[in-house]
Amino acid sequence: MKQGDYTALAKHYIHRPGYSLTVLRALRAYVGAERPGFRFADVGAGTGKLTENLLEIGLTGCAVEPNDAMRREGKRLFRGQAAVRWVRGPPEKTTLPKCCSGSIPI
């Protein structure tokens, strides 16, 4: 496996444990994420473990992932969910203005 290349791990990466919903809810309140139009950005989303948890607590947003295999697994996992948009992009070029426009329903 080449350092930094998660392609070979993509099929198994979705089985990682999630993040603390208690902590995420506290962060949601702290940043005021309940306000209309708020969008999250999961940059370097992998297969979307954090994205999954952010959706669980009622947020909408974008998952940005440069690795095609990881992004493909994430898209498969979230197929049919309008609350998240998956985009290809490295952290330095996320395309977030386009991704997090008002086109994602609240």
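Residues numbered from 1 in each chain as written. Predicted model: local features only at pLDDT ≥ 70, side-chain atom pairs only at ≥ 80, totals over all residues. Heavy atoms only, no water.

### Some words on the overall build of the protein
Put simply, the rule reads: Only runs of H or I of at least four residues qualify as helices and only runs of E of at least two qualify as strands under DSSP, and these elements are numbered from the N terminus. Throughout this description, buried means an accessible area under 20% of the type-specific maximum (1.4 Å probe, protein chains only), exposed means over 50%, and partly exposed covers the range between. The criterion used for residue contact is that any of the two residues' heavy atoms lie within 4.5 Å. Every accessible area reported is derived by Shrake-Rupley at a probe size of 1.4 Å, with residue values counting cover from the shown protein chains alone.
Helices and strands together make up the secondary structure of the protein, namely five helices and three strands. Looking at the protein residue by residue over its 106 residues, the buried ones come to 36%. Of the contacts formed within the protein by residues at least 6 apart in sequence, a portion of 54% connects residues at least 24 apart. Only carbon and sulfur atoms are counted for the fraction: they give 56% of the accessible area of the protein, which is about 6,500 Å².

### Focus: helix 3 (residues 49–56)
Every buried residue of helix 3 is accounted for by K49, T51, N53, L54 and L55. Looking at the residues trailing helix 3, positive phi occurs at G58, about 90°.

### Remarks on the pairing of strand 3 (residues 84–88)
Here is the rule we go by: Note on pairing: two strands pair once DSSP finds at least 2 bridges between them. Viewed with both strands pointing away, a crossover whose connecting path from the first strand over the helix to the second turns clockwise is right-handed.
One ladder, built from five bridges, connects strand 2 (residues 61–65) with strand 3; its direction is parallel. Bridging from a neighbouring strand, E65 pairs with R88 of strand 3. Between the parallel elements strand 2 and strand 3, the chain passes through helix 4 (residues 68–77) in a crossover that is right-handed.

### Overview of the pattern of salt bridges
Our working rule: Should a side-chain nitrogen of Lys or Arg be within 4 Å of a carboxyl oxygen of Asp or Glu, the pair is scored as a salt bridge.
Counted by the stated rule, this structure contains five salt bridges. The shortest N-O distance in the salt bridge between E73 and R76 comes to 2.7 Å. Here E73 and its partner R76 are both found in helix 4, three residues apart, which amounts to about one turn of the helix. For E73, a relative accessible area of 4% translates into the label buried.

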